[in-house]
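Listed below are the residues making up each chain.
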Amino acid sequence: MQIRKLAYAMGAEILGVDITRPLDAETIRAIRTAWMDNLVLLIRGQVLTREQHVAFSRYFGDLEIHPNRYNRRADYPELYVVTNKVVDGKPSDTRNVGRSWHSDGIYRLKPYLGSLLYSHEIPPVGGNTLFTNMYMAYETLSPKLRDILDQLSCINDRSAAENHSNVSADHLAERFKLTPPVVNPVVRVHPETGRKSLYVAPNVTICFEGMTPAESRPLLQFLFDHAVKQEFIYRHTWQVHDLLMWDNRCTMHLAPPDFDTSQPRYMERTTVTGTPLGRLLEVS
Ligand code: OGA
Ligand code: MN
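Everything numeric in this text was worked out from a predicted model, so none of it was measured.

Novice: In this structure, what is going on with unusual backbone geometry? I would like to understand it.
Specialist: Peptide bonds are mostly trans, and most non-glycine residues show a negative phi. You will see that L39, though not glycine, has its phi angle at about 70 degrees, which is positive. With respect to the secondary-structure elements, L39 resides in the loop between α1 (25-38) and β3 (40-44). Of note in this structure, D88 is not a glycine but carries a positive phi near 50 degrees. Examined against the element boundaries, D88 turns out to sit in the loop between β5 (86-87) and β6 (90-91).

Novice: Help me understand the packing of aromatic side chains, please; the structure alone is not making it clear to me.
Specialist: Each aromatic ring pair is characterised by the separation of its centres together with the angle its planes make. For the coordinates displayed, the defined rule picks out four aromatic pairs. Ring geometry for F56 against F60: centres 5.2 Å apart, planes inclined by 70 degrees, an arrangement best described as edge-to-face. Of the residues examined, F56 reaches a relative accessible area of 1% and is grouped as buried. Residue F60 is classed as buried on the basis of its relative accessible area, which comes to 3%. Taking the centre distance of 5.2 Å and the plane angle of 55 degrees together, the rings of F131 and W246 count as tilted. Here F131 is found in strand β8 (residues 129-133), whereas its partner W246 is found in strand β15 (residues 242-247), with 115 residues between them in sequence.

Novice: How do you make sense of the side chain of S92 when you look at a structure like this?
Specialist: Within the fold, S92 resides in the loop between β6 and β7 (114-121). Under the relative-accessibility criterion, S92 is labelled buried at 5%. A polar contact is formed between the side chain of S92 and the side chain of T94, at a distance of 2.8 Å. Sequence-distant contacts of S92, that is, excluding residues within four places in its chain, are made with T83, K85 and V87.

Novice: What should I look at first to understand the coordination of the manganese ion (ligand 2) in this one?
Specialist: Reference values for coordination geometry: four tetrahedral donors around a metal ideally subtend 109.5 degrees, six octahedral donors ideally subtend 90 or 180 degrees. Protein coordination at the manganese ion (ligand 2): the donors are H102 (NE2), D104 (OD) and H253 (NE2), at 2.1 Å from the metal. Positions of the donor residues of the manganese ion (ligand 2), expressed as sequence spacing, correspond to H-x1-D-x148-H. With D104 in the loop between β6 and β7 and H253 in strand β16 (residues 251-254), this pair connects stretches of sequence that are 149 residues apart. A residue is classified by how much of its surface remains accessible, and D104, at 5% relative accessible area, is buried.

Novice: What is the right way to read the sheet that holds strand β18 (residues 279-280) from this model?
Specialist: The strands that make up a sheet pair up through hydrogen bonds in the backbone, lying either parallel or antiparallel. One open sheet holds the four strands; their spatial order is β13-β9-β10-β18, and the pairing between them is antiparallel. Of all the strands in the sheet, the pair left with one neighbour each is β13 (205-208) and β18.

Novice: Is there a simple way to explain the sheet that holds strand β14 (residues 233-236) in this structure?
Specialist: One open sheet holds the three strands; their spatial order is β14-β8-β16, and the pairing between them is antiparallel. Taken across any chain shown, the strands that pair with only one partner, and hence form the sheet edges, are β14 and β16. Strand-to-strand twist in this sheet, taken as the mean axis angle between neighbours without regard to direction, amounts to 20 degrees. With four bridges connecting them, β8 and β16 associate as antiparallel partners. Residue pairing in the sheet places L130 in a bridge with L254 of β16.

Novice: Is there a simple way to think about the environment of T132 in this case?
Specialist: Structurally, T132 can be placed in strand β8. Assessed through its relative accessible area of 0%, T132 is described here as buried. Here the alpha-carbon distance between T132 and A34, two residues 98 residues apart in the chain, equals 17 Å. In this view, T132 contacts M10, W101, A227, V228, F232, I233, C250, T251 and M252; residues no more than four positions away in its chain are not counted.

Quick notes on the rules
Residues numbered from 1 in each chain as written. Chains lettered and ligands numbered in written order. Predicted model: local features only at pLDDT ≥ 70, side-chain atom pairs only at ≥ 80, totals over all residues. Heavy atoms only, no water. Helix = DSSP H or I, 4+ residues; strand = E, 2+ residues; numbered from the N terminus. Phe/Tyr/Trp six-rings, centres within 6.5 Å; stacked < 30°, edge-to-face > 60°. Buried < 20%, exposed > 50% of the residue type's maximum accessible area, 1.4 Å probe, protein only. Polar contact = N/O pair within 3.5 Å; in protein donor to acceptor, adjacent residues only side chain to side chain. Contact = heavy atoms within 4.5 Å. Donors = N, O, S within 2.8 Å, 3.2 Å for Na, K, Ca; no water. Pairing = 2+ DSSP bridges. Axes fitted to C-alpha atoms, helices over the stretch in contact; angles between N-to-C directions.

Purely geometric stuff here, so don't read any function into it on its own.
In C-alpha cells, the structure reads:
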C-alpha cells in the first residue's frame, strides 16, 4: 500500500489496495491509520458494486441507515443518494446538498464519525468538493482564544440551516422531528487521535450556550471565516469511480455549485456511526 499526499492541509490517495475484495486486519489498520493521519482519503478508479461500497465502509464501523427515508436507496438503505438528477419523477431533495460548509451530522446527538462518498456520474467540469482541516483551524488561534473556546458549548440546530425551498413539505416536517437542537462542545477532542479541533459550522451553529445569537454572532462569524482559510483546504476534483472518505470529527466540507447543473451528478454515500457527544437542548 502506498500513500500519496494530495495537499498541504490534508488528504492522501491510497494506492495498491484492491478494495473490491475482502481485506485482512493489517490492511484495514493501515488504511485507518492513514485516514486518521490525513483526514481525507481518496481511492481512485475502482469500480465498486453497491455491496462492495457498503462492505468496505463496514471495516470502519457500524453504518447509519439515514434517518430520512426520502434520500436513501430503498434497495440499499445504507446508501444515501446525493444527486441533481430527477428521482421518482421529482427533482431530488439532495440537489443542493452541501452548499454551505458543514460536518455531516454535527447537529446530532451522535454525530457521524465519517462519510464515504462514491462518484457514479460527474459533470464534464466542476462539481468539486472542498475540505477544511479543523485541527489546523483550532491550532492556529491565539492561546487565549483557544482557552476561552475550550470552555464553551454551542447550540447546533439543523432546522436553522434548511433551504426550505429545496425540500418538500412532508419531508421538512419529518426533519424537524428527527433533528431537534443539541448542545455540543465548541472544541472537540478527537476520540482516536486525542487532538483538539474546532467543531462549529455556519448556519447550523446558532449561538454559544448561555449567550444570545446576537452576542455570539461576531465571534462565531470570525471562527467560520478563519476555519476556511485557503491554507487549511483541499479541493477535490472528481473522477468517476472515486471513493472519498472523510473524518467528520476534524473536517468540514463544501459542495459549491461550480458546474452546469443541467449535467447529471450522481453520488452515493455511506455514513459511519460516531460516538455520543452532546445533549438535547432543554427548552424552558
Ligand atoms: C455529503 C456532501 C458533497 C458533495 O455527501 O455529505 O456534503 O460534493 N456531499 O456531493
Ligand atoms: Mn456533507
